[in-house]
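Fold and geometry: a report
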Amino acid sequence: MFSDTTAVLLGWSCAAPEQVLFQAGNLGDEDWQVWAVDAKGQTFPAETDRPITFGQVVHNVWMGPQA
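Reading the values: the criteria
Residues numbered from 1 in each chain as written. Predicted model: local features only at pLDDT ≥ 70, side-chain atom pairs only at ≥ 80, totals over all residues. Heavy atoms only, no water. Helix = DSSP H or I, 4+ residues; strand = E, 2+ residues; numbered from the N terminus. Buried < 20%, exposed > 50% of the residue type's maximum accessible area, 1.4 Å probe, protein only. Lys, Arg positive; Asp, Glu negative; His and termini not counted. Salt bridge = Lys/Arg side-chain N within 4 Å of Asp/Glu carboxyl O. Polar contact = N/O pair within 3.5 Å; in protein donor to acceptor, adjacent residues only side chain to side chain. Contact = heavy atoms within 4.5 Å. Pairing = 2+ DSSP bridges.

Once that is clear, we can look at the side chain of Asp 38. Note on placement: Asp 38 falls in the loop between strand E3 (33–37) and strand E4 (43–45). Buried charged residue Asp 38 carries no salt bridge. Nearest counter-charge: Lys 40, at 6.6 Å. At 3.1 Å, the side chain of Asp 38 and the backbone nitrogen of Lys 40 are in polar contact. Beyond its immediate sequence surroundings of up to four residues, Asp 38 is in contact with Glu 18, Gln 19 and Phe 44.

Written out as structure tokens, the structure is:
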């Protein structure tokens with residue numbers, strides 16, 4: 001299933017804090033599934049779970065010279 005799939009890291013699982021959540025799908029598809037992955041690498045569907053993220057939102061990351 002995951003041969004040509006793109007995954008985006010969402011954050012830690014709210015329901016199971018030892019797992020991380022990813023949203024995975026194919027580019028162009030409208031509905032991407034949310035998956036939970038534990039420390040052993042096991043993957044579980046996580047349709048009703050929400051991610052928890054830590055840190056702060058940074059605006060204007062690419063302002064100013066880039067070289």
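Checked against the element boundaries, Ser 13 lands in strand E1 (residues 6–13). When residues no more than four places from it in sequence are discounted, the contact partners of Ser 13 are Gln 19, Val 20, Leu 21, Asp 49, Arg 50 and Ile 52.

For the rest of this paragraph, the subject is the pairing of E3. Here strand E2 (residues 20–25) runs beside E3; their pairing, made up of five bridges, is antiparallel. Along E3, the bridge assignment pairs Leu 21 with Ala 36. Pairing between E3 and E4: three bridges, direction antiparallel. For Trp 35, the partnering residue across the bridge sits in E4 and is Pro 45. Taken together, E3 and the strand that follows it, E4, pair antiparallel across an intervening segment of five residues, in which Gly 41 is found at a positive phi of about 90 degrees.

A few words now on the sheet that holds E1. Pairing is antiparallel across the open sheet formed by five strands, whose spatial order is E4-E3-E2-E1-E5. Every other strand in the sheet has two partners, leaving E4 and strand E5 (51–52) as the edge strands with one partner each.

Right, let's get into the environment of Thr 6. By secondary structure assignment, the location of Thr 6 is in strand E1. In the structure, Thr 6 is positioned 15 residues away from Leu 21 in sequence and 14 Å away in space, judged by C-alpha atoms. Discounting residues that sit within four places of it in the chain, Thr 6 has contacts with Gln 23, Ala 24, Gly 25, Leu 27 and Trp 32.

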